[in-house]
Structure formats: structure tokens, C-alpha cells
Amino acid sequence: MDQVGKLLARPRLYYNIDGLGELGGSVLCLGYALLLWLRMHSPADSVWQRISSFSFLALLLLIPYGIKAVKTRITYPRTGFVEYRKPFHTQAIAGALGALTAVGVAIGFRRHWDISALVSLAGLAFAASCGYHFARAVRWKWVIAGAMAVATFVIAFLPTNVLGALGNDSPVAHPDRAKLDGTVLLSLMVYGAMLLISGGISLGIYLRQTQAPAQEGQ
Amino acid sequence: MNRQIRTIADLDRVIHEPGRLMIVALLFAADRADFLYLQHETAMNKGTLSSHLSRLEEAGYVAVTKTYRGKVPQTLLCLTGAGRKAFEQYRRNLKEAL
């Protein structure tokens with residue numbers, strides 16, 4: 001029965017066989033970090049202050065289509081096509097909305113909690129999620145998930161002035177806000193870079209190990 | 001015959017064959033998949049895979065759609081409602097038998 005259970009999990013694990021799931025995650029993290037940086041370092045009346053939230057949502061919606069376009073050209077002709085019962089972008093959008101709700105709740109309770117600690121908790125949850133989704137199929141990716149968790153702790157224990165310096169030019173002068181911005185920005189950059197490396201290695205291995213079939217009928 | 005032995009005898013023989021069990025389990029977890037994906041995952045050759053798929057299609061467990069991906073022919077496969085029910089029943093019977 002365990003073998004049947006493993007077979008049932010195969011189509012889900014196949015989604016990241018080419019590393020594109022991780023590369024999509026890295027584009028999301030790095031893209032959001034860029035938008036956040038632009039918002040922090042632009043004047044209060046800048047266009048970035050107004051459109052950054054919409055740009056993030058647009059990025060969130062565009063990534064699944066980008067992944068599908070690349071898979072159509074690279075993955076499907078090499079190792080086949082799978083359509084999932086519950087599309088991944090539905091899960092991704094649900095996850096992002098859940099995260100936004102959590103951030104909203106956290107902001108609501110910021111007087112009572114150190115909000116940077118919540119960012120660290122969210123980072124640990126993100127590392128665990130990456131481990132569950134990507135490392136189940138490829139064991140060395142547990143190293144990446146572990147490194148993300150370690151990086152979360154390191155960022156959490158960085159001195160306030162170091163984190164605050166990242167958000168120093170923010171129009172909001174409050175030091176707690178600057179520390180929060182710095183924590184989020186650094187976390188996103190680190191996670192994005194790790195996912196980029198991990199996904200890039202997977203894509204390289206996939207391209208080397210598979211070959212596009214000749215243009216023939218099945 | 002006691003009940004457990006009868007459960008073993010009741011196992012669906014169409015699904016019970018290892019090659020077909022792999023195909024049905026893979027299709028059960030997905031909405032649709034193409035021939036190339038099943039070939040990649042099961043490591044069967046085209047002839048063997050086609051033969052198993054024909055048997056499953058005859059039993060009404062798998063629906064086959066021939067289409068094109070650009071100019072390349074593509075064979076899409078999905079489990080029918082009967083196929084899903086049969087696989088669920090097969091898992092229940094197997095669990096009970098073991």
C-alpha cells in the first residue's frame with residue numbers, strides 16, 4: 001500500500017522536476033523585495049508608493065502563467081504533460097491571500113508583539129513549506145530548506161541598527177518600522193537567492209538528463 | 001471461504017496487474033496526463049504502455065483523447081468516473097485483505 005501512496009504523490013512532485021516551481025518562488029521573493037526597496041527609497045509622492053501593492057498582485061498572478069509558458073516549451077516535450085486536479089496557482093493565490101491576512105492581523109496587534117519576530121516565524125513557516133514541497137522529491141534540497149531556516153534565525157538576531165539601515169531612507173521615520181522593513185527586505189532577498197540557486201541547479205540537471213524527443217507521433 | 005480471503009478474490013484484476021496499477025494510481029492523482037508522462041514515470045516502452053491503456057479503456061476506466069500540441073500529436077489520458085470508483089474500491093479491498 002505504501003508503494004501505491006508513493007505513486008499517488010508522484011504527479012505532485014513532478015511539478016518541480018525542472019526546478020521551475022522554485023524559480024517562480026525566487027522571482028516572487030526577489031520581485032517583491034525590489035518593489036519594497038523601490039517603495040522605501042522613493043519619495044512619498046512617487047508613483048511607486050501607489051502602485052507597489054498592485055505590482056505585487058500582478059506579479060503574483062503572472063508567475064503561474066510564466067511557469068506554464070516555460071513548461072510548455074521545455075518540460076512537456078521532454079517528460080510529458082500533467083494537468084492537476086487542483087491547479088497550483090489557485091493554491092498560490094490562496095496562500096498569498098492567507099499571508100496578507102496574517103500580515104494584516106499582525107499589523108493590527110503590533111502594539112502588543114514585536115512584529116519582526118512574526119516575520120521570523122513566517123520565515124520559518126516558509127522554509128518548512130519549501131522543504132515539504134521541494135525536498136520530498138530531491139533530498140539535497142533539505143539543505144536549502146535548512147539554510148533558509150538558519151538564515152531566518154541569523155536575520156532575527158542581527159542588530160537593530162543593521163536591519164534599520166536597510167530601511168533607513170524610508171519616508172516613515174519610526175525605528176521599529178525601519179527594522180521591520182529591513183527584516184522583510186533581507187529575508188526576501190536571502191530566500192529569493194536560495195530558491196534561485198536551488199531551482200537553477202535543478203533546471204540545469206533536468207536539461208542535462210533529459211532530451212527533447214524528435215518530432216514524431218506518440 | 002472466510003471474509004478476508006473473499007476480499008482478496010474480489011480484487012479488481014484489471015487494476016491489480018502491476019503495470020496497470022501504476023497507470024491508474026498516477027492518473028488518479030492528476031486530472032489529465034499525456035502518454036509521454038506515463039511513459040516517463042512508469043519506464044514502460046510504448047508497446048507495453050499502449051497495451052495496458054487499451055485494456056483499461058476497454059474496461060471503461062480510462063478515457064483517451066487524441067489531440068495536437070502545436071504540430072505534434074498528443075495522447076491525453078484521464079480516469080473516468082468508473083475508473084476512480086474502481087481504484088478507490090480496489091484500495092479499500094487491498095487494505096482489508098492485508
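Structure report, in brief.

Reading the values: the criteria
Residues numbered from 1 in each chain as written. Chains lettered and ligands numbered in written order. Predicted model: local features only at pLDDT ≥ 70, side-chain atom pairs only at ≥ 80, totals over all residues. Heavy atoms only, no water. Helix = DSSP H or I, 4+ residues; strand = E, 2+ residues; numbered from the N terminus. Buried < 20%, exposed > 50% of the residue type's maximum accessible area, 1.4 Å probe, protein only. Contact = heavy atoms within 4.5 Å. Areas by Shrake-Rupley, 256 points an atom, 1.4 Å probe, with all protein chains shown as cover. Axes fitted to C-alpha atoms, helices over the stretch in contact; angles between N-to-C directions. Parallel < 35°, antiparallel > 145°, perpendicular 65-115°, else oblique. Left-handed = near helix turned anticlockwise from the far one by under 90°. Nonpolar A, V, L, I, M, F, W, Y, C, P; charged D, E, K, R; others polar. Expected span 1.5 Å × (residues − 1). Bend = angle between axes of the 7 residues up to and from the residue. Core = buried A, V, L, I, M, F, W, Y, C linked by side-chain atoms within 4.5 Å. Pairing = 2+ DSSP bridges. Polar contact = N/O pair within 3.5 Å; in protein donor to acceptor, adjacent residues only side chain to side chain. Salt bridge = Lys/Arg side-chain N within 4 Å of Asp/Glu carboxyl O.

1. Digging into the overall build of chain B
- Helices and strands together make up the secondary structure of chain B, namely 6 helices and 3 strands.
- Walking chain B from its N terminus toward its C terminus, one meets helices and strands in the order α-α-α-β-α-α-β-β-α.
- Expressed along its principal axes, the backbone C-alpha trace of chain B runs to roughly 55 × 25 × 20 Å.
- Looking at chain B as a whole, 47% of its 98 residues are labelled buried.
- Considering only contacts in chain B between residues 6 or more positions apart, those separated by 24 or more positions represent 55%.
- When the accessible surface of chain B is split by element, carbon and sulfur atoms take 52% of a total near 5200 Å².

2. Remarks on the packing of helix H3 (residues 18–29) of chain B against helix H6 (residues 81–97) of chain B
Residue and element names in this part refer to chain B.
- Direction vectors running N to C along H3 and H6 enclose 115°, while the axes themselves pass 11 Å from each other. Classified by the angle their axes make, H3 and H6 are roughly perpendicular. Note that H3 runs across H6; the crossing there is left-handed. The residues of H6 that touch H3, namely those facing Leu 21, Val 24, Ala 25, Leu 27 and Phe 28, are Arg 84, Phe 87, Glu 88 and Tyr 90.
- Residue composition of the contact of H3 with H6, by class: 7 nonpolar, no polar and 2 charged.

3. What to know about the packing of H3 of chain B against helix H5 (residues 46–58) of chain B
All names here are of chain B.
- Running from amino to carboxyl end, H3 crosses H5 at an angle of 75°, the nearest separation of the two axes being 10 Å. If you check the angle between H3 and H5, you find them roughly perpendicular. Contact residues: Gly 19, Arg 20, Ile 23 and Val 24 in H3; Leu 49, His 52, Leu 53, Arg 55 and Leu 56 in H5.
- Here the residues of the contact of H3 with H5 are counted per class, giving 5 nonpolar, 2 polar and 2 charged.

4. Looking at helix H1 (residues 2–14) of chain A
- Helix length check: H1 of chain A (13 residues) gives 18 Å between terminal C-alpha atoms against 18 Å at 1.5 Å per residue, within 8%.
- Taking the largest bend as the criterion, H1 of chain A deviates by roughly 25°, centred on Leu 8 of chain A, and proline Pro 11 of chain A comes between one and four positions later.

5. Considering the nonpolar core
- By size, the foremost hydrophobic cluster in this structure holds 41 residues, and its most contacted members are Ile 23, Leu 27, Leu 38, Leu 53 and Phe 87 of chain B.
- When residues in this core are grouped by element, the largest group, 8 residues, is from H3 of chain B.
- Excluding residues that lie within four positions of it along the chain, Ile 23 of chain B makes contacts with Leu 38, Met 44, Leu 49, His 52, Leu 53 and Leu 56 of chain B.
- Counting residues in hydrophobic clusters, the runner-up holds 15 residues, among them Cys 29, Ala 33, Leu 36 and Cys 130 of chain A.

6. So, the pairing of strand E3 (residues 72–79) of chain B
Residues and elements named next belong to chain B.
- Of all 8 residues that make up E3, 6 are buried, and the element is covered over most of its length.
- When strand E1 (residues 30–34) meets E3, the two strands line up antiparallel, connected through 2 bridges. By the bridge assignment for E3, Asp 34 is matched with Leu 76.
- Bridge count for strand E2 (residues 62–69) against E3 is 8 bridges, and the pairing is antiparallel. Residue pairing for E3: Lys 66 is matched across the bridge by Thr 75.
- The antiparallel pairing of E2 with E3 creates a hairpin that spans 2 residues between the two strands, and Gly 70 there sits at a positive phi of about 70°.

7. A closer look at the side chain of Thr 42 of chain B
Residues and elements named next belong to chain B.
- Here Thr 42 shows up in helix H4 (residues 35–42).
- Looking at Thr 42, the relative accessible area reads 8%, which means it is buried.
- Only 2.6 Å separates the side chain of Thr 42 from the backbone oxygen of Leu 38, close enough to count as a polar contact.
- Not counting the four nearest positions on each side in its chain, Thr 42 is found in contact with Met 22, Leu 26 and Leu 49.

8. Notes on the pattern of salt bridges
Residues and elements named next belong to chain A.
- If you walk through the whole model with that rule in mind, you get 5 salt bridges over all chains.
- Here Asp 18 ties to Lys 71 by a salt bridge, and the two come within 3.0 Å at their closest N and O atoms. One end of the pair, Asp 18, is in the loop between H1 and helix H2 (20–40); the other, Lys 71, is in helix H3 (residues 47–73), and 53 residues separate them in sequence.
- Residue classification places Asp 18 among the buried residues on the basis of a relative accessible area of 0%.

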